[in-house]
Amino acid sequence: MELTGTVLRGREFEPVEGRVVVGDDGRIEAVEEASVESTDIVVPAFVNAHTHVGDSIAKEAGGGLSLEELVAPPDGLKHRLLRQASREELIEGMRRSLRYMRRGGTAACLDFREGDVEGVEMLREAADGIDLDALAFARGSIEAMKAGDGFGASGANDATFDRERDATREAGKPFGIHAGEVDASDVDPALDLEPDFLVHVVHPEPAHLERIAAQEVPVVVCPRSNLVTDVGLSPYEELAERTMLALGTDNVFLNSPSMFREMAVLSKLSDLPAAEILRMATVNGAEIADLEYGLIEPGREARLLVIDGDSDNLAGAQDPVRAVVRRASVDDVRDVITPSA
Ligand SMILES: [Zn+2]
């Protein structure tokens, strides 16, 4: 298979006119420079590094409520709405979110799953038949982690996670935890667990930044979620100087799971370069989850996104990386390629 157009090649997303050659094994064989007719822009498919698709049935509920009122168990609005919904309704909501994500160029999501083993099974059912790696970062029990793809802890102030941490390490799976979303109090205890990644980190103190750098812990930031819940914004540039950042859309009930929207907002809230934001939306999330895609270079699995560079929205763009990061939307997606071997 060959895809032609402006190819955003390698870790720097260097725009190359030419073609991507994909082998029968589903891997990228070559990126060839050539003069081509196509005005498409070929980019790696996205990895959404933090979602909660389980609350897809509660979109836009709770306008004006605080984070506590929205999500605190057991009686936060989200939990009340989830309790009222049937298993089928919940799965159907999740399936529709996954389908929308796939249509919007997302190849994988790292989903924090509540509801123990049953929660993992529901995500598996929801993802059945959708060409997207919906990874379950389970919680509730060690069994749930074993059934899933990793452990996704709520936060270090909620419980102790030492047993779960050890078991996840033994299973060779990643351990992620929310930290520093509302205040700084749970950052040190989260770092004590030696997590594979942190989520949010809106309120790190200088000592936390030093620890994040020393422990080389990646951080998944969720800017639109932080805007909606009004907890503040992560110090993106300071974090990016110290560690690898990835990007997540967080709860579906707060925001649509569109990586285009997340990238656009982050690009306008921060001074991070467009290429850095595109890495956050692709290869960095892939590395956290040990996925072999996220960049266009020989040997990688070919999970690719073909964007119409001549859409009414994008025609005339002078810088393809900035156009993809700051301006493109789901409407500009021409195709999402996920060949299997
Ligand atoms: Zn979260």
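Source: prediction; values computed, not measured.

A. Focus on the environment of Met101. Considering the arrangement of structural elements, one finds Met101 in helix 3 (residues 87-103). Since its relative accessible area comes to 1%, Met101 is described here as buried. Apart from the residues lying within four places of it in its own chain, the contact partners of Met101 are Asn48, Thr51, Val53, Thr106, Cys109, Leu132 and Pro257.

B. Examining the domain arrangement of the protein more closely. Here the protein is partitioned into domain 1 (2-45 + 293-337) and domain 2 (46-288). The gap between the C-alpha centroids of domain 1 and domain 2 is 27 Å. Listed as interface residues are 23 residues of domain 1 and, on the opposing side, 25 residues of domain 2. Summed over both partners, the interface of domain 1 with domain 2 comes to about 2200 Å²; 64% of that surface belongs to carbon and sulfur atoms. Of all residues in domain 1, Val325, Arg326 and Val330 bury the most surface against domain 2, accounting for 29% of the area lost on that side. Our count for the domain 1 to domain 2 interface comes out at 3 salt bridges. Across the salt bridge formed by Arg303 and Asp133, the nearest N and O atoms sit 3.3 Å from each other. Secondary-structure elements contributing two or more residues to the side of domain 1 that touches domain 2 are strand 14 (304-308), helix 14 (320-326) and strand 15 (333-337). With 5 residues, helix 14 is the largest single contributor of residues to the side of domain 1 that touches domain 2. A breakdown of the residues in the side of domain 1 that touches domain 2 according to their chemical character gives 15 nonpolar, 2 polar and 6 charged.

C. The arrangement of the coordination of the zinc ion in detail. The protein atoms that coordinate the zinc ion are His50 (NE2), His52 (NE2), His178 (NE2) and Asp250 (OD), at distances spanning 2.0 to 2.7 Å. In this structure, the zinc ion is surrounded by 4 donor atoms whose angles at the metal cover 83 to 163 degrees, and the resulting shape is irregular. Considered as a linear motif, the donors of the zinc ion on their single chain read H-x1-H-x125-H-x71-D. Here His50 is found in strand 5 (residues 46-52), whereas its partner His178 is found in strand 9 (residues 175-179), with 128 residues between them in sequence. Here His50 and His178 have matching classes, each one buried.

Rules and cut-offs
- Residues numbered from 1 in each chain as written.
- Predicted model: local features only at pLDDT ≥ 70, side-chain atom pairs only at ≥ 80, totals over all residues.
- Heavy atoms only, no water.
- Helix = DSSP H or I, 4+ residues; strand = E, 2+ residues; numbered from the N terminus.
- Buried < 20%, exposed > 50% of the residue type's maximum accessible area, 1.4 Å probe, protein only.
- Contact = heavy atoms within 4.5 Å.
- Domains from an automatic or database assignment.
- Buried area = accessible area lost by both parts, 1.4 Å probe.
- Salt bridge = Lys/Arg side-chain N within 4 Å of Asp/Glu carboxyl O.
- Nonpolar A, V, L, I, M, F, W, Y, C, P; charged D, E, K, R; others polar.
- Donors = N, O, S within 2.8 Å, 3.2 Å for Na, K, Ca; no water.
- Tetrahedral: all angles 85-135°; square planar, octahedral: opposite > 155°, others 65-115°.

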